[in-house]
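Examination of the molecular architecture
Residues per chain, in single letters:
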Amino acid sequence: MHTPDFKRMRMNLRAPEEQRTRIDAHGEEGIPAAQLNALMPHVTFRTSSGDKIYFKDNGNPQARYDILKWYFLEIGNKKSIKVGSFDGSESDGKLFVNDSANLWGPYFSEFAHSRCSEPCKPGFRKAKVEGAPSCCYTCVLCADGEMSNITDAPSCMKCSKYEKSNSVRNSCFPRNINYLSYGDQLGATLSSISVTFSISCAVILGIFIKYRETPIVRDNNRYLSCLLLISLMLCFLCTLLFIGRPTQICCLLRQVTFGVVFTISVSSVLAKTLTVIIAFNATKPGSKLKKYVGTQLAIILVIVCSLVEIVISAMWMASNPPFPEADTLSDPDYIILLCNEGSGFFLFCIFGYIGTLALLSFIAAFLAKDFPDRFNEAKNITFSMLGFCSVWGAFVPAYLSSKGSRMVAVEIFAILSSSAGLLGCIFIPKCYIIFLRPELNRKDNVVRKQ
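An unreviewed UniProt entry annotates the chain as Vomeronasal type-2 receptor 26-like originating from Xenopus tropicalis. What UniProt records for the chain under Subcellular location (unreviewed entry) is the sentence "Cell membrane".

Below, the structure written as structure tokens:
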């Protein structure tokens, strides 16, 4: 609280000299005051200075005061200087202050404030102090996402949902936009890995086509191998739908594309494993499985499994399709552009269906891993499915605990790592034999070993 030093200086109002004349309330001796009060409103006269004096109905003169500045000196003396006046004789009153009279000197340079609280600066709001007078308050910084741009603001204003407040809370400015972009280091890295692996699939596919008549390619169902390579190449490429600014078409296609091509991949692995099991058991005397040996059953299995996935996706698109959305609530600093999946139920139906096929492939490959076949790839499929299930088992909690671009990056990483596991475990050993151990890839050697 700022208060002037009244021991040194004081200003007051004083009636002019002409008005400081006492009038006996009783008049002359023997004259009643009421007969005198009745006469007072009719008395009017002018002073020597020319001021007009008259009395009101109650006998009081009109308000006319001098404004004095008082000095209280150290030795006990005092001094006054007239610095203005107030004339209430007019209906609206007149106040005159002499600005050249050094109103506040010598002890003050400006008006001495008498306040309970300092003004609240922009960025703050007034808050009542419990138990204190109404003029007393404290200043509270506006909350994040709010601002005040005036002094002594009674409350803070909320920024729009597309804006945030600055650090001093006196203005709002646009929030940054967050999504996994090709220009980001993470987005560029993931897209480069995706393209590299898809090119690798295309190269291996070309190798298998060139060496399609060799035992290691022919005896492991070359048609399913080529189908698996094509689906894996599409799996790597489908991650590009997850990178970049979300659009309506990308939101519609990315999960559906991922679901269908992954179903083809995993069902191809399952079909390859079942082909090995059927071929081994068909060699037993009296077995009825001989009629199922060949590629026809495997292709039918892939088609049926893929149709189930297509039906789930069609129901999803027809009932509650995904759409692009701007999330303004998850992060106060960013507007997160994402694809709202529309229905979490159908999304996890797709994940659950693919996971079920992967689990069946793992079980079947584990049971067939010890079959006596020179080119039995059941062991390789077992390792690939073990890695596949581990990746997607860890994906679910990581996906649910992430937000923004990191959520998308988690799903891309799961797609890339699980697809790379299939590619590496199933096809790299075959390429090793084709190029580095060609003596093992001859028909006479295969027959002799068997």
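**Thoughts on the overall build of the chain**
Regarding its fold elements, the chain presents 10 helices and 15 strands. When burial is assessed residue by residue, the chain has 37% of its 450 residues classed as buried. Put simply, 62% of the contacts in the chain that link residues at least 6 apart link residues at least 24 apart. Counting only carbon and sulfur atoms, one obtains 61% of the accessible surface of the chain, whose full area is about 25700 Å².

**Concerning the state of the cysteines**
Joining two cysteines, a disulfide is a covalent bond between their sulfur atoms. Per the counting criterion, the structure on display carries four disulfides. Each sulfur in the disulfide pair Cys142 and Cys156 lies 2.0 Å from the other. Judged by the sign of its S-S torsion, about -85°, the bond between Cys142 and Cys156 is left-handed. Within this pair, whereas Cys142 is found in the loop between β8 (137–141) and β9 (146–147), its partner Cys156 is found in the loop between β9 and β10 (157–158), the two being separated by 14 residues in sequence. With a relative accessible area of 15%, Cys156 lands in the buried category. There is a disulfide in this structure between Cys251 and Cys339, and the S-S distance comes to 1.9 Å. Disulfide Cys251 to Cys339: torsion about the S-S bond roughly -80°, handedness left-handed.

**A short note on the UniProt feature "transmembrane region" (unreviewed entry) in the chain**
UniProt tags residues 186–211, 223–244, 256–280, 292–318, 345–368, 380–400 and 412–435 as "transmembrane region" (unreviewed entry). Between the C-alpha atoms that bound residues 223–244 there is a distance of 35 Å. The span itself is 73% helix and 0% strand.

**Description of a nonpolar patch on the surface**
A cluster of nonpolar side chains, namely Ile299, Ile303, Leu307 and Ile310, defines an oily patch on the protein surface of about 330 Å² accessible area. Structurally, Leu307 is set in helix α6 (residues 296–319).

Calculation notes
Residues numbered from 1 in each chain as written. Predicted model: local features only at pLDDT ≥ 70, side-chain atom pairs only at ≥ 80, totals over all residues. Heavy atoms only, no water. UniProt positions renumbered as here; feature names shortened; annotations may be inferred. Helix = DSSP H or I, 4+ residues; strand = E, 2+ residues; numbered from the N terminus. Buried < 20%, exposed > 50% of the residue type's maximum accessible area, 1.4 Å probe, protein only. Contact = heavy atoms within 4.5 Å. Areas by Shrake-Rupley, 256 points an atom, 1.4 Å probe, with all protein chains shown as cover. Disulfide = S-S within 2.5 Å. Patch = residues over 30% accessible without salt bridge, like charges linked within 9 Å, V, L, I, M, F, W, Y side chains within 5 Å. Salt bridge = Lys/Arg side-chain N within 4 Å of Asp/Glu carboxyl O.

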